[in-house]
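Analysis of the macromolecular model
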Amino acid sequence: MTRNIPSPEVAPVHDSPRRVTRRRVGLAATATGLLVALAGCARNAPQDTFQPAGENARSIDNLQRPVFYIAGVIGILVFAAVGYIVWRFKDRGQELPIQGHGKPILEIGPIVLSAALLLGIGVPTVATVFKLAKTSDTQCVVIVTGQQWWWEYTYPVQPGCAAGGIKQPIVTSGQLVVPAKTHVLAEIQSNDVIHSYWIPKLNGKRDAVPGRTHTLRLEADQPGIYSGQCTEFCGLSHARMRMQVAALDQAHFDTWVTNQTAPYQKPTDPAAITGEATFQANCSRCHQVDGMADSAGKPIISQPELYVVSGSAPNLSHLMSRNTFAGAVWDLLTPACRDKVWHAKPEEFSELYLQGVSRECLNEKDLRDWIRDAPAKKPMYSSDAQIASNNGLSRGMPNLKLKDDQISQIIDYLVTRK
Amino acid sequence: MFTTGSKLFLGATALALVATLVFGASHGGEPGYLGTITLIGALLALAALTAINFFTRDGNTPSMEQDITRTAAAAARAPRRSVAPVLAAVGVALLAIGAETRPAFFKGGVLVLLVAAAEWLVTAWGERASGDATYNAAVSSRMLQPFQFPLVAAAGLGLVIYSFSRVMLWINKSGAPVIFGVLGALVLVGGYLLASRPDVKTSMITGIAAIATLGLVSAGAVMAIDGQRTIEKHPTPASDPAVCTESTKDAHVDKRAPGSVASISSPTAIVVVKDGKLAVYSQGLRGARADVTIIRGATNNLLFRNDDHVARRFTLNLGTFTDSSSGTPVTKKPQACTTLIEPGGEVWKTFRLTQPSAASATPYTITVPGISDQVLTMVVP
Ligand SMILES: [Cu+2]
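Quick summary incoming for the structure in this document. All values derive from a computational prediction rather than experimental measurement.

Judged by nonpolar contacts, the single largest core of 77 residues is most densely connected at Trp 151, Tyr 155 and Tyr 197 of chain A. Counting the residues that make up this core, at least three belong to each of domain 2 (140-260) and domain 3 (270-414) of chain A. Residues within four places of Tyr 155 of chain A in sequence aside, it is in contact with Val 141, Val 142, Ile 166, Pro 169, Ile 170, Thr 172, Leu 176, Val 177, Phe 253 and Trp 256 of chain A. In this structure, Leu 318, Phe 351, Ile 366 and Val 380 of chain B belong to the second largest nonpolar core, which totals 24 residues.

Below, the structure written as structure tokens:
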């Protein structure tokens, strides 16, 4: 038995099924093309490489734009030519044209032209590569260490960065605070697997490879927040490993340095004092708070190397001076407070950023959820069974099974850590 | 009554039964248990195959016409010569030797036996594939040669490479490059001469290659028995206080040893001693400094360079810690150091510090034994 195929006589003449399919395919193609084109026009695109906000990203942009336009025009010409030739010379049963035997001018011409084009792209590319690799004009050094799944920043002792230099190292995480209009050199390392540091508006990517130090120039024209994310797949929560650069004007950056290196402030509020003890009992084995001492006056030193695969956990001495936490994925600020800072004019940004997180602006919900059960918020290979199968080491922060009142005490204490 | 195939499987089943009984009775514990289970598995599988084979009468001979296995044209020829039995004998011998001496021989024996079995099975099948000898030869080589050629080539190449390496390891370090440079040139010239004379006989080329191979393999055998040249060892006194404070001790100094480490291109900092002065250079920080910030918990790479006129070593003084967990306080002053570095030499050191400076009673420092007034500080946040 054969199938029932509508015969040409039965099918409507003006809308053959073939024509309908063709029209549908055309529609789908146009829609896809439009979507792709529109996707490039997002207005709120904090990680848009086409909007450089610093000298280094601009060098890349200046290099890629002409190449992009020239290649685009050539691409269109080639496709048009292919289309024309396919249509013009399609087999209509015509006779084969006479077959010639090569035309030197047609062979050598395109070779010379391509070589010239490649040279035209190659020379500026190499020049830009060298420009971006320069380290001799550095004004401020920050050591950037990647680990699953957050970035740590250490400001080594140095004469640069701030007005009086940096006399005592600073350790922070998630948000890299730098002075604007300054040649910052990030020295990128890794404590576990390969990660990659990328702030699209400030420069290209640079891999963080264990055992190596790779340098990346960063410079922001203006104070503000510049977002990025880890761009080398690094395990379970790779997608939740983000970072921001917060550029401040020089005066405010100097204040930031003073704040970060200030001696430990013992909490005064009774709730926070209880919280300090709860923190010491539950968190200090992993998290360092500089200057914190036990009742005998002995400094409390964290030992993350005994509990975490990467051998490190964020330094919480000044947690509330940052806006985000846990791989810069969650906000420490409520949405309203955050928008006020992040969308501030460049002249006002530094001042607002330095205000840090106040009790009123604290996004307590996410912080609370994190302390209650971190792996539920961010998959981290840190369940009891996984830790047991991994020589007692976790990747990321485990669930500490604290009670609600303990969490409240800890938050009361953490809020005082500016 | 028994077809050819079922005889083979019956024999294999009987062998598996014996092996299971012998092994099961002689081996205890978990390995014995696992081995016995495995052998029982093999026994059951072989028994099932025997049964199937028996039931289907090899799948090709009508059960009533048994004579055909002897009278058919395909069966008329006598078996040809084959290396398989010899190979199998070698395999069995290796098994026996391996069981008494080194496991490597035993594993080799298993491998040789497997190869022999495959070869034997395919040739035996091929000889009776049809009554036509030429066709039979073609069909069995089509089955076997795709495996034979690579195997024989790999074994031959392995032998040549092994002999080569023995020769190179026997000749002294400076002679080897010269000799093999000359040898390489000879091969090139020989190749050129042969290529330029297309009418040379194949047998002559084969002869030359055979003599060369024989020479190489026998030289390799002789030199392997004689043993390789002595290769110097360069011990690194990692954390021996007796050595770390010494400015002269160290039997061996290998200036270039760490120069081959690729990661040398990205040190955390470079520490230099020059004219009795110590300095550290960090990337991005201009000029010589007296301190270097070391990331806690991370892997740090320091490059130590001796630009002095005498051999020097660098010593890392890694703080002072008091451990009172056992009741009586014990004070520890861990140290680590480089080897003695010749003038102009560099040494690479990779280390990790888990305790911050704040945890230590004294700062972390870098010193050079013999230069008492120079100290570099390592700051660990
Ligand atoms: Cu990552």
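Now that the structure has been shown, the text picks up again.
Residues and elements named next belong to chain A. At 2.1 to 2.5 Å from the copper ion lie its protein donor atoms, namely His 195 (ND1), Cys 230 (SG), Cys 234 (SG) and Met 241 (SD). Seen from the copper ion, its four donor atoms lie at angles of 93 to 125°, and the figure they make is tetrahedral. Expressed as a motif, the donor residue spacing for the copper ion is H-x34-C-x3-C-x6-M. The same class applies to Cys 230 as to Cys 234, namely buried.

Okay, the pattern of salt bridges next. Close approach of charged atoms allows side chains with opposite charge to pair. What the rule picks out here adds up to 19 salt bridges over all chains. Note that Arg 368 of chain A and Asp 404 of chain A form a salt bridge whose closest N and O atoms lie 3.8 Å from each other. Of this pair, Arg 368 of chain A sits in helix α8 (residues 364-372) while Asp 404 of chain A sits in helix α11 (residues 404-414), placing them 36 residues apart in sequence. With a shortest N-O distance of 2.9 Å, Arg 305 of chain B and Glu 346 of chain B are connected by a salt bridge. Separated by 41 residues along the polypeptide, Arg 305 of chain B in strand β4 (residues 299-306) and Glu 346 of chain B in strand β9 (residues 346-352) bring together distant segments of the chain. By relative accessible area, Arg 305 of chain B is classed as partly exposed at 26%.

Moving on to unusual backbone geometry. Peptide bonds are mostly trans, and most non-glycine residues show a negative phi. Residue and element names in this part refer to chain A. Cis peptide bonds are those with omega within 30 degrees of zero, and the linkage from Gln 148 to Trp 149 qualifies with 0°. Take Trp 149: it is sitting in the loop between β1 (140-147) and β2 (150-155). Of note, the phi angle at Lys 181 is positive, near 55°, even though the residue is not glycine. Of the residues examined, Lys 181 reaches a relative accessible area of 59% and is grouped as exposed. With phi around 55°, Lys 401 is a residue other than glycine that occupies positive phi space. If you trace the backbone, Lys 401 turns up in the loop between α10 (384-388) and α11. Taking the relative accessible area as the measure of exposure, Lys 401 reaches 55% and is therefore exposed.

Cut-off values and rules
Residues numbered from 1 in each chain as written. Chains lettered and ligands numbered in written order. Predicted model: local features only at pLDDT ≥ 70, side-chain atom pairs only at ≥ 80, totals over all residues. Heavy atoms only, no water. Core = buried A, V, L, I, M, F, W, Y, C linked by side-chain atoms within 4.5 Å. Buried < 20%, exposed > 50% of the residue type's maximum accessible area, 1.4 Å probe, protein only. Domains from an automatic or database assignment. Contact = heavy atoms within 4.5 Å. Donors = N, O, S within 2.8 Å, 3.2 Å for Na, K, Ca; no water. Tetrahedral: all angles 85-135°; square planar, octahedral: opposite > 155°, others 65-115°. Salt bridge = Lys/Arg side-chain N within 4 Å of Asp/Glu carboxyl O. Helix = DSSP H or I, 4+ residues; strand = E, 2+ residues; numbered from the N terminus.

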